[in-house]
Amino acid sequence: MALEQLCAVLKVLLITILVVEGIAVAQKTQDGQNIGIKHIPATQCGIWVRTSNGGHFASPNYPDSYPPNKECIYILEAAPRQRIELTFDEHYYIEPSFECRFDHLEVRDGPFGFSPLIDRYCGVKSPPLIRSTGRFMWIKFSSDEELEGLGFRAKYSFIPDPDFTYLGGILNPIPDCQFELSGADGIVRSSQVEQEEKTKPGQAVDCIWTIKATPKAKIYLRFLDYQMEHSNECKRNFVAVYDGSSSIENLKAKFCSTVANDVMLKTGVGVIRMWADEGSRLSRFRMLFTSFV
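Computed from a predicted model, the values in this text were never measured in an experiment.

Comments concerning the overall build of the chain
Stage number 1. Secondary structure summary: the chain contains two helices and 18 strands in total.
Stage number 2. Split into buried and exposed, the 293 residues of the chain put 40% on the buried side.
Stage number 3. Contacts spanning at least 24 positions in sequence make up 75% of the contacts within the chain whose residues lie at least 6 apart.
Stage number 4. In the form shown here, the chain has an accessible surface area of approximately 17400 Å², with 56% of it arising from carbon and sulfur atoms.

Focus: the sheet that holds strand 11 (residues 185–189)
Stage number 1. With antiparallel pairing, the four strands of this open sheet are ordered in space as 11-18-13-16. Looking at the sheet topology across the chains shown, the edges are occupied by strand 11 and strand 16 (263–264).
Stage number 2. When strand 11 meets strand 18 (residues 284–292), the two strands line up antiparallel, connected through five bridges. Within strand 18, the residue paired with R189 across the bridge is R286.

Some points on the pattern of salt bridges
Stage number 1. Taken as a whole and assessed by the stated rule, the structure comprises 11 salt bridges.
Stage number 2. Note that E106 is salt-bridged to R120, the shortest N-O span being 3.7 Å. With E106 in strand 5 (residues 104–108) and R120 in strand 6 (residues 117–121), this pair connects stretches of sequence that are 14 residues apart.
Stage number 3. Taking the relative accessible area as the measure of exposure, R120 reaches 32% and is therefore partly exposed.
Stage number 4. Of the charged contacts, one joins D225 and R284 as a salt bridge, the two residues approaching to 2.9 Å between their closest N and O atoms. In this pair, D225 is assigned in strand 13 (residues 218–227) and R284 in strand 18, connecting sequence segments 59 residues apart.

Observations regarding the side chain of D277
Stage number 1. Mapped onto the secondary structure, D277 falls in the loop between strand 17 (269–276) and strand 18.
Stage number 2. At 2.8 Å, the side chain of D277 forms a polar contact with the side chain of R236.

Reading the values: the criteria
Residues numbered from 1 in each chain as written. Predicted model: local features only at pLDDT ≥ 70, side-chain atom pairs only at ≥ 80, totals over all residues. Heavy atoms only, no water. Helix = DSSP H or I, 4+ residues; strand = E, 2+ residues; numbered from the N terminus. Buried < 20%, exposed > 50% of the residue type's maximum accessible area, 1.4 Å probe, protein only. Contact = heavy atoms within 4.5 Å. Areas by Shrake-Rupley, 256 points an atom, 1.4 Å probe, with all protein chains shown as cover. Pairing = 2+ DSSP bridges. Salt bridge = Lys/Arg side-chain N within 4 Å of Asp/Glu carboxyl O. Polar contact = N/O pair within 3.5 Å; in protein donor to acceptor, adjacent residues only side chain to side chain.

Now the structure itself:
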């Protein structure tokens with residue numbers, strides 16, 4: 001009996017030793033695989049200063065070399081009826097390559113990565129003056145895993161949009177056309193603009209409706225009526241839906257074709273903007289908003 005107990009104890013001891021050794025071997029193997037690898041926090045994109053008249057931004061670490069494997073996106077937004085002018089400092093160097101396939105700056109005429117491409121830039125010479133055709137400009141800086149350079153520093157300013165000027169360069173003032181709605185549900189309608197005489201006959205419509213849901217609720221929007229006088233011409237007329245604020249980052253949907261879909265927001269604040277130029281005054285919409293938890 002004593003011999004059987006001794007054998008049992010030895011078995012347990014042997015199993016324990018094998019388990020401990022196995023853990024040790026596994027730990028050594030894992031440590032060996034991690035030799036030479038350091039987890040360094042990713043360098044943030046460079047300094048970006050914004051003012052009411054424009055601003056400036058730079059590549060990471062500028063005027064020192066930018067880091068490898070970096071991607072920075074800058075979305076420039078001017079006020080309504082303004083455009084953007086973008087210039088670069090002479091101290092500029094982005095790894096040269098054929099068609100700027102490696103490190104490069106990509107500039108697009110609009111707020112999105114699929115907006116019309118203005119150009120790609122790289123090399124030793126800074127880009128020329130770049131102008132937008134609207135109030136947004138989308139810029140992406142990309143670097144690959146090798147051959148870093150000095151980078152860039154860019155300045156931008158806001159200028160009047162010539163499409164909204166009279167002879168003599170006097171800017172047509174934007175009418176004060178804003179509305180607020182709140183509660184469990186309600187109707188947002190473009191006819192409110194004319195009923196409250198927010199714009200004069202023949203004048204362009206640029207109006208905003210701000211919707212505030214009940215506490216701790218979100219917003220669901222359903223179009224009851226929708227018609228764009230010049231469909232698929234977004235520069236002439238559109239209805240835009242924002243989720244949380246009217247910043248471009250919160251743009252949820254933009255409708256300018258013949259169909260407008262329902263929209264579900266993630267926050268309790270919705271912003272609806274309608275734009276219709278002087279020749280699109282017959283454009284209209286009516287939508288139901290509902291608060292839900």
